[in-house]
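Listed below are the residues making up each chain.
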Amino acid sequence: MTEKRLSSPKDEKQTEVAVFAAGCFWGVQAQFDAVPGVIETRVGYTGGTSKDPTYEDVKTGSTGHAEAVRIVFDPAKVSYEQLLDRFWALHDPTQVDRQGVDVGTQYRSAILVGSPEQRRVAEASKGRHAARLAPERSIATQVVDAGPFYDAEEYHQRYLQKQGSASCPR
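Residues numbered from 1 in each chain as written. Predicted model: local features only at pLDDT ≥ 70, side-chain atom pairs only at ≥ 80, totals over all residues. Heavy atoms only, no water.

Comments concerning the packing of aromatic side chains
Here is step 1: Scanning the entire structure with this criterion turns up five aromatic pairs.
Here is step 2: A centroid spacing of 6.2 Å and a plane angle of 20° characterise the contact between phenylalanine 20 and tyrosine 80, whose relative ring orientation is stacked. Of the two residues, phenylalanine 20 is situated in strand β2 (residues 16-22) and tyrosine 80 in helix α3 (residues 80-90); the sequence distance between them amounts to 60 residues.
Here is step 3: With a centroid separation of 5.0 Å and 65° between ring planes, the pair formed by phenylalanine 87 and tryptophan 88 is classed as edge-to-face.
Here is step 4: Given a relative accessible area of 6%, tryptophan 88 falls into the buried group.
Here is step 5: Taken together through their ring pairs, the aromatic side chains of Phe20, Phe32, Tyr80, Phe87 and Trp88 make up a single cluster. (Phe/Tyr/Trp six-rings, centres within 6.5 Å; stacked < 30°, edge-to-face > 60°. Helix = DSSP H or I, 4+ residues; strand = E, 2+ residues; numbered from the N terminus. Buried < 20%, exposed > 50% of the residue type's maximum accessible area, 1.4 Å probe, protein only.)

Put into structure tokens, the structure is as follows:
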């Protein structure tokens, strides 16, 4: 049986944690792994109603969880705001409950904040990015309080790296 780790956004000392949902978590993880100052990333599930969800549960869309990436970073080397800039650039935040061919609430765009300061920075960042859009487009990304984060099964961790691929399959 795969061991699951339940972690909270404030586990580490002298590091910070960011949690983002932006579609297929494999590609999101690969993007953040490449950022200098990122110490660790884990893919998993958050924002749902069931405890200890599995991929088989989440992919049905019935648990309310989103595929997400939990990022431990050194704020002396990369800021939360810089991570947000990467988040906005790596997906289409105007799509509701989807990214490309991946459709369902589990693929929604969300910033899961762990503190009032993260909320302030995330909301300001969202506002700046919204202002750059054409008037008929709007950002669907949710800014919500981080809840429990459940690590995905081990075969999902660094999946693209294990497969020798640079992006999610289409």
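Considering the confidence of the model for the protein chain
Here is step 1: Averaged over every residue, the pLDDT of the protein chain is 87; residues scoring 70 or more account for 86%.
Here is step 2: Looking at the elements of the protein chain, mean pLDDT is at its lowest for strand β1 (residues 6-7), recorded as 48, and at its highest for strand β7 (residues 109-113), recorded as 97.
Here is step 3: Long-range and interchain partners of residues 1-6, a stretch whose pLDDT sits below 50, account for 16 contacts in this model, where long-range means more than four residues apart. (pLDDT = per-residue confidence, 0-100. Contact = heavy atoms within 4.5 Å.)

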